[in-house]
Each structure stands twice: as C-alpha cells, then as structure tokens.
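Understanding the architecture of this molecule
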Amino acid sequence: MGSAEEIQMEMHGWSVKMSISRVLAMVTVFSMIPGGVLSDIRGTKGLEAQQMAQGSTHLHRRLKRGWIWKQLFVPEEDPTLRVIGQLKSDSDRGEFSIKYILSGEGAGDVFEIDEYSGEIRTLKKLDREEKAFYVLQAQAINRRSNEPEEPQSEFIITVQDINDNVPQFQNEPYVSSIPEMCPMGTTVAQVTATDADDPMFGNNAKLIYTILQGEPYFSVEPKTGIIVTSWPNMDREAREEYLVVVQVKDMLGLSGGYSSSTTVTVSLTDVNDNGPTFQHHLYTFAVPENAALGTTVGRIMAQDGDTGTNARMTYSLEDDLEESSTFIIQTDPVTQEGVVLLAKPLDYETKRRFVMAAEAVNDHVDTRFLPLEEFTDRTTLKIIVQDVDEPPVFLSPLYEWKVPENAAVGTVVGSVSARDTDTVNNPIRYSIDKRRDTTKAFKIDPNNGTITVAKALDRETSNWHNVTVEAKETTQNHLSSSVVVFVKVLDINDNVPRLARDYQPYICEGTQAGQLIQLLNAVDPDDPVEGHHFYFSMVPEKHINPNFTIRDNQDNTAGIVARRSTFTRKDRTQYLLPVVVADSGSPALSSTTTLTISVCSCQPAGHCPTGGVEALALSMGVSLQTLLGLLVCLVTLTADLLSLSSSSLTSFCAVSSNADAEETQAEAAGGPGGGGEGAGAARDGVAEGAVLRGTRGRKS
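None of these values were measured; they are calculated from a predicted model. (Residues numbered from 1 in each chain as written. Predicted model: local features only at pLDDT ≥ 70, side-chain atom pairs only at ≥ 80, totals over all residues. Heavy atoms only, no water.)

**Side note on the sheet that holds strand β7 (residues 133–142)**
Filter applied, for reference: Only when DSSP finds a minimum of two bridges between them are two strands counted as paired. Numbered from the N terminus, helices here are DSSP runs of H or I no shorter than four residues, and strands are runs of E no shorter than two. In this analysis an axis means a line fitted to C-alpha atoms, helices contributing only their contacting stretch, and an angle means the value between N-to-C directions, from 0 to 180 degrees.
Strands sit in the order β2-β8-β7-β4 across an open sheet of four strands; the sheet is mixed. Because the sheet does not close on itself, it has two edges, and the strands there are β2 (73–75) and β4 (98–104). Sheet twist, expressed as the mean angle between neighbouring strand axes with direction ignored, is 25°. Pairing of β7 with strand β8 (residues 148–160) involves eight bridges; the strand directions are antiparallel. Counted as the bridge partner of Ala138 is Ser153 from β8.

Following this line, the structure appears as structure tokens:
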C-alpha cells in the first residue's frame, strides 16, 4: 500500500480520520484513533496496535500520540451494569501514570470511567426512546506532572434500539360513513399507527395492517391502513352499521413482534332505493255529518324504508265528479302521514258514503336505484257519513222586509220557514226571542212563521227593527236554530215642516227697500224618497204687506226682504210677520210661524249691539233703565258696603225704580204709530224684546 499506516488500514478494514486536536467518532460502528491506529479490545485488547507501534519504526515516526478505544455502544433496556468500552492513550504503558477523566452527557450518573484503565461502564438501564445517544468528552492527565497527555477528545455513545414498543393507533376513535349501495373499492377510512422504536434499525418499527373483523365486507391495504369496501350493494335497510377491527403489527408481521388493534365504526348513509308502500289496499273512516270544516277524518301511512329526505312524500286524493273535493289530504311533516281533512260541509241525507283513491309519491326520486314508477303507490279510501240529529234549518240565512210606518196592527210583514233536515222530519214551532226584542212591535204565528205588526210603528222613532226568530223541534232533543229578520219602516208624510230654529230678525234704521233681512231654513222629521222640498210664503191677506215680503229661493231656503226704506225706531220698534212653510208630500203638510222683526239702531257694520241687553230686560218684565239701575245698586253695595248705610242705599234704589217706571209708562202711551201694536207685541212675549230695543233707541 506504500506505508505502514496504509497497511494497517487495509488489514483491519477500518476507516481512519486524522485530527490534530479532537476526534468525533460514532462509536456504535467505529473506534477512532488519532494517528491512524484502530483497535478492538474485545479480541486482542490492543495487542495489534501495540505490536505495530513496537515493530515498525517508520510508523512510529509518523504517528503522534493519541487516543485508543474500542467501539462504544450499549443496547437499551439492558439491566446488566457492565463495561461497554475502554479509552486508552498511546502513551499509557500500564504503569498507571495516566489518569482518565470522563465528562459530558450522563457522565457520573449514567456512565463512569475507571481512571486507571480507561474502562467505561454503565450505571443504569437505558431507554433509546428516552435518549438515543450521549455526547461525552475524555481527558488523559499525567499523574506526576498533572499535565494533559492528550488533548481533550469528544465521542458519542449510542443507545442501540430493541423492539420494546407496541405500535399505537392515532386519532382514535375511528368513525366513518359511506352511502349504501356504493361500488366495491370505495374508500371508507384510513387508520394510522406509530411505533416509538427506531425506524432505521431493523424491522422494529416497520408496520403491517390486517383485518381481524369486518370481512368479507371490508379489506385494508397492508402498508397504508386504507380501508375499502369489498362487498357490492350493501343495503342500509338490511344492516346500517358495521364494526371493523383492524390490527397493526411491527416487525413486518413476523413472529415475536408487538401488535395492537382498533375498531372503526362504519355507518351506511341512506340513498333513495325504496319507494312508498301502503300496508292496506283499503282504509275506512267515519265522520259525523255535523263535523266542522278542517276536521281530521283519518290518517293513512305509506311505509318507506328510507330515512330523512329520501322518505319524504306527498299525498293526494283523486275524487270523482260526485265528490267535488269534499275532502283534502295533507302530509304531516313530522310523521310523514297523510292527514285526511274535511273541506266541505256534509249532509247525511244527501250523501252517506265517499270512495276515492289516495296516492303517495316520493318528493325526491333517484332513478339510479329504482325506475320512476316504483316511487309511487296507491290505495283506496272509504269515508262513511254518520247521521246526526240536527237543528232546523231556515230556508234563508236572513230575512229583510219593508213595512210602511202607518201599517195597521195585524198587518202581515212576511213569513219565515225552517225545516228539519233529518230523516224523521220533526214538527217545528216558531217564536220571537224576547230577550232581544225590546220594542215588541211584531208577533209571529208559532205554527207557520208569519210575522205581523203588533203595535203602531213610527219611522221617526225607529226606522229599523231587528227581530230574532227561533225555530225549535217539538220532539226528541228539542234542537233549535235562529235567524235574524230585518224590518225597515218606510216613511209616510206625517210630520209638518217647521223653521229650522227660533229666528229673531231685526232691521236696521235706514235699511233700503229690497234688502235681505233674514235667511230662513226649514226641517221635517220625515224622509221622502225624492228628498225634501220646502215652500215658503206669507199668510194670504186682503192687502199686500207694505213692509216685508218672503222670497222663496227654490232650494229649501227663503229670505225676508224689506219692501220699503226709512225704518226708524221713532216710528215703530217691531213688526210681526207670519211665515208659512209647506212640504211636497202627498198630501202636503204645512205650518205657520210668526216672526217678530225688531227695528235697531245698528252700528256701521250692521250689528245691533243692544239687542241682547234689551231682550234680557224684557224677559224680566222691567225696562232697560230699571235693569241698569239695579245693576248699579249691586255694584255700589259691593264696593261701599262698609262706608254706606243700608237706609241710604235703599232710598237710592227706590228713587231709581220709580223714575224708570214713570218713563216706561210714558213710552208705552206715546210714540208715533207705535202704541197699539207695541202693546200687543208686549203681550205676545216675543215682541217684548223689540219694545225694549225700540225704547232704548229712542232714549239714545
């Protein structure tokens, strides 16, 4: 090879790494000797190395002093405390002049070194899964000089793996679902296991998966743990859930390895591979004839092996022309039953039995599994109507009649009629509900239902009458029913028209001829069909009224108009004007009202300011001056009660009253053209106000 170093390397087949200061060696495979010499202590205890050092001066010259040690490794879980290797300096001649010191990971508690021989031994059992290797440093110290014989060197002790761990499944529990009827080879789930042993050392951590339970429906891929289906057309309705037990073994499944198992719960999800099916070809129900609309007649159910959306269905009825949709069917969203409901009234006497077809159809169909027609099924419904003793039924739901208000007592207004719809057809008697009939204006014949007028009617008092008539069976259960009769009282012209209010017209001094004095309206309690039309006029006289006239506006109003000018209070204080109001009835009715027209000293705007005070005075039977005197007395009495004696106050009031009385008498006796009519008007009551206003006008 060309050198002793090269010969030594070839002889032993070892690799040599040169280092000046430190050497790092993987001791499970090799021991490294700086200087180029590698020795196995187990067989030769360094003999070969020593011989080479002694027998070849050429090699001795080329090598520096360095470390000599065997390969260092320790198997895990070994309970024996033993020597695992030796460190030795090439300067060690067996004289114990060298002191070996160990430091680094585990030094002193896991490993120790014999300071004289350099042997390294374990102090306790090791676990590779806890720590796989240890990095340590070694020193060789001359005991005499206490100086290092070699530079500090670093090496590694590796813990060798053994198969001491059971493979463990991850992410448990495993739950999966697949659709029923899925094809073979459908992926179900993947199970995964891990092994804490060294995957790089032998087969300790090499895993194999197998099926323990679940065949022939499922299989597992040995290396990946993927579970797939191996059985075609698995039916959820036959079996919904499977428990698949998968085993994992290390050592590639060879004997002596560890194993564990897990369970995968596999559920089959539903697909629509079943149609609805009725369990009976005929369903029979009974319902009383008086059942209310919306009453549940019965329920039918079509069975569907599917679940959820795939089991939803819609029911329908196929009536013939005679049934005319008397019943309807609805799907109960919770139970998926078909609920048969009454949609139209029943009558036992008219129809006693109904026969119809019912159909159930899946809402969601899937023709991959069934043909379209298999998602539908039909059955027959028979509904029997039960007879019920029913109350009498009026031929009309209500009655409405008209009668004139002058109808005589005993006049027939109309007749009601009711019948017993039951087959026995019981007799019926009629009566008026007295609890609701407050007017007692009508009576009824109990046998034939004829209603007549019982007392005089007055449309102006009550123009509508609501009468409740009861019809009751005379036998069996005495069932009864009632109907409302509306009677409208028709108007006749039996009320006279009148002026709309108590008019108190006045005319201002200086009013010109043709000027409107008062607008008149009229009222009439009657209600003619064509509406009211009033006519206004004056009482016919031999001579035309020289003072006033009435102008009919032809719109149910009229105006009082002055015929002349120069009305003055000095001439006359009031005028009496009879007004006739007639209606358009047949025969026509009329009334006459006498209005008192007062003459007033009006303000520029035409207002008569003293009319109210004068009217108050005349209504009390005193003159305006007397009333004012009394008011002054009351004010004075209130203000000067403490300073004025009662005798002085009485004298003052008496003087004022006497003076007013004398002035009133003089006014009634004098005045041009006003004496006789003024006195007559004072007796009439209404004219007193005009007298008072005229008196006050003259005083002013």
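The structure having been displayed, the exposition proceeds.
**Description of the state of the cysteines**
By definition, a disulfide links the sulfur atoms of two cysteine residues through a covalent bond. Rules: Cysteine sulfurs are considered disulfide-paired once they come within 2.5 Å of each other. Three exposure classes are used, based on accessible area relative to the maximum for each residue type with a 1.4 Å probe and protein chains only: buried under 20%, partly exposed in between, and exposed over 50%.
All told, the structure shown has two disulfides when counted by the stated rule. Each sulfur in the disulfide pair Cys508 and Cys602 lies 1.8 Å from the other. Given an S-S torsion of about -85°, the disulfide between Cys508 and Cys602 has left-handed geometry. Of this pair, Cys508 sits in strand β37 (residues 506–508) while Cys602 sits in the loop between β43 (590–600) and α5 (611–619), and the two are 94 residues apart along the sequence. The exposure class assigned to Cys508 is buried, which follows from its relative accessible area of 15%. Given the relative accessible area of 24%, Cys602 is considered partly exposed. A sulfur-sulfur distance of 1.7 Å marks the disulfide that ties Cys600 to Cys608. With the S-S bond torsion at 100°, the cross-link from Cys600 to Cys608 turns out right-handed.

**What to know about the pairing of β8**
Both β2 and β8 contribute to a ladder of three bridges, which runs parallel. Each bridged residue has a counterpart across the sheet, and for Phe73 the counterpart in β8 is Thr158. Counted between consecutive antiparallel strands, the loop separating β7 from β8 contains five residues, among which Asn146 sits at a positive phi close to 60°.

**Focus: the environment of Glu76**
Using the following cut-off: The contact criterion used throughout is that any non-hydrogen atoms of two residues lie within 4.5 Å. We call two N or O atoms a polar contact when they sit within 3.5 Å, provided that within protein one can donate a hydrogen and the other can accept it, with sequence-adjacent residues counted only if both atoms are side-chain atoms.
Within the fold, Glu76 resides in the loop between β2 and β3 (83–89). In this view, Glu76 contacts Leu126, Asp127, Arg128, Glu129, Val159, Gln160, Asp161, Ile162 and Asp164; residues no more than four positions away in its chain are not counted. A polar atom in the side chain of Glu76 sits 2.9 Å from the backbone nitrogen of Arg128.

**A look at the environment of Val416**
On the secondary structure map, Val416 appears in the loop between β29 (412–415) and β30 (418–419). Val416 sits 20 residues away from Ser396 along the chain, and the two C-alpha atoms are 8.2 Å apart. Apart from residues lying up to four places away in sequence, Val416 is in contact with Phe394, Tyr399, Trp401, Tyr430, Ile444, Asn448, Gly449, Ile451, Val469 and Val485.

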